[in-house]
Amino acid sequence: MSDKSSGGLLLRPSVVAAAGLVGGFAVARATKREVGGTLFGLAGTWCGKQWARSTGPLGAAVLGALYTAAMGGSHPLAKRIGAWPSVLLVAAGVAAASEAAEAWGRSRGLPKGD
């Protein structure tokens, strides 16, 4: 299922978004919140550009909002199920939404992200 136009499976927005959430959390825990937040922000910025190409501006706005909400939503969820399960759950949700939105974009003839 590799997408040659976007550099392969590892550079899909869904994977980068999940990595931004999981990696941002891991880095913030190991260093400082600001460093993890920077990683989260960089991943989100890259994904936003890809989402705009593959889903259009509205899709990119919705996915960007979901990505941001996932970070905030993981905090109260962590109080119920634990920090790592919460982060993994929201990362999986964002990745699934990204894949679904990109499939929708492809079905409407939008170009794939590069």
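Refer to the preceding data block for the structure.
Residues numbered from 1 in each chain as written. Predicted model: local features only at pLDDT ≥ 70, side-chain atom pairs only at ≥ 80, totals over all residues. Heavy atoms only, no water.

S.K.: Help me get a handle on the environment of His75, residues and values and all.
M.R.: Mapped onto the secondary structure, His75 falls in helix 2 (residues 33-81). Along the sequence, His75 and Val87 sit twelve residues apart, while their C-alpha atoms lie 8.5 Å from each other. (Helix = DSSP H or I, 4+ residues; strand = E, 2+ residues; numbered from the N terminus.)

S.K.: Quick rundown of the packing of helix 1 (residues 13-30) against helix 3 (residues 83-107)? Include the residues and the values.
M.R.: It is the contact of helix 1 with helix 3, at a shortest axis distance of 7 Å, that shows an interaxial angle of 160 degrees. On the basis of their axis angle, the class for helix 1 and helix 3 is roughly antiparallel. For the pair helix 1 and helix 3, the sense of crossing is right-handed. In contact with Pro13, Ser14, Ala17, Ala18, Leu21, Val22, Phe25, Ala26 and Arg29 of helix 1, helix 3 contributes Ala83, Trp84, Val87, Leu88, Val90, Ala91, Val94, Ala95, Ser98, Glu99 and Glu102. Looking at the contact of helix 1 with helix 3 residue by residue, the class counts come to 15 nonpolar, two polar and three charged. (Axes fitted to C-alpha atoms, helices over the stretch in contact; angles between N-to-C directions. Parallel < 35°, antiparallel > 145°, perpendicular 65-115°, else oblique. Left-handed = near helix turned anticlockwise from the far one by under 90°. Contact = heavy atoms within 4.5 Å. Nonpolar A, V, L, I, M, F, W, Y, C, P; charged D, E, K, R; others polar.)

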